Amino acid sequence: MFTALILAAAVSAAPTPARLEALLAPAAGGPVEVRSIRCKVLGDPTESRCDWRQKTAKGRWETWSAILAKDGETWILIDTPGRASHP
């Protein structure tokens, strides 16, 4: 049970798809569609590495990743999003 608590503490709540899409749109030059968002807390408890699936212009879903920070009740993008090297 203790291990489960440690694992739960290492995974942060993720931003909503709408919030992440709003954060990514300026960098993408327009609207983006995301799903399957997962975030893992880094050394600073307010920072998380988030992975998500992002729809390409050709309709394929690719895995993307970036570092996000929790600022009060909202999320901010503190890293340039990019395609993840892992599936």
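Up top is the structure these notes are about.
Position labels on residues start from 1 in each chain and follow its written sequence. In keeping with the predicted nature of the model, local features appear solely for residues at pLDDT of at least 70, side-chain atom pairs appear and are counted solely at 80 or more, and the whole-chain, interface and lining totals rest on all residues. Side-chain numbers come from the whole structure's heavy atoms, not from hydrogens or water.

A.B. asks: I'm lost on the side chain of S65 in this one. Help?
C.D. replies: Relative to the helices and strands, S65 is located in strand 3 (residues 61-71). For this analysis, a polar contact is any N or O atom pair within 3.5 Å, provided that within protein one partner can donate a hydrogen and the other can accept it, and provided that sequence-adjacent residues contribute only side-chain to side-chain pairs. Of the polar contacts made by the side chain of S65, one reaches the side chain of R49; its length is 3.1 Å. Only 3.3 Å separates the side chain of S65 from the backbone oxygen of C50, close enough to count as a polar contact. In contact with S65, other than residues within four places in its own chain, are R49, C50, D51, W52, T80, P81, G82 and A84. Elements are defined by DSSP. Helices are runs of H or I of four residues or more, strands are runs of E of two residues or more, and each kind is numbered from the N terminus. Any two residues whose heavy atoms approach within 4.5 Å are treated as being in contact.

A.B. asks: Teacher, can you tell me more about the pattern of salt bridges here?
C.D. replies: Where charged atoms from two side chains of opposite charge approach closely, those side chains can pair. Here, a salt bridge means any side-chain nitrogen of Lys or Arg that lies within 4 Å of a carboxyl oxygen of Asp or Glu. In this structure the tally under the stated criterion is 3 salt bridges. A salt bridge links E33 to K55; the nearest nitrogen and oxygen atoms lie 4.0 Å apart. In this pair, E33 sits in the loop between helix 2 (17-28) and strand 1 (34-41) while K55 sits in strand 2 (residues 47-55), placing the two residues 22 residues apart along the sequence. A relative accessible area of 35% means that K55 is categorised as partly exposed. The salt bridge partner of E62 is R83, with a shortest N-O separation of 2.7 Å. For every residue, the accessible area (1.4 Å probe, protein chains only) is compared with the maximum for its type, and the residue is labelled buried under 20%, exposed over 50%, or partly exposed between those bounds.

A.B. asks: Before we go on, may I ask you to explain the nonpolar core in this structure?
C.D. replies: As a rule of thumb, soluble globular proteins bury nonpolar side chains together. Counting 13 residues, the largest nonpolar core has L20, L24, V34, I37, C50, W52 and L68 as the members making the most contacts within it. Those elements giving two or more residues to this core turn out to be helix 2, strand 1, strand 2 and strand 3. Excluding residues within four positions of it along the chain, W52 makes contact with L20, L24, V34, R35, S36, I37, E62, T63, W64, S65, A66 and P81. Throughout this description, the term nonpolar core refers to a set of buried Ala, Val, Leu, Ile, Met, Phe, Trp, Tyr and Cys residues connected via side-chain atoms within 4.5 Å.

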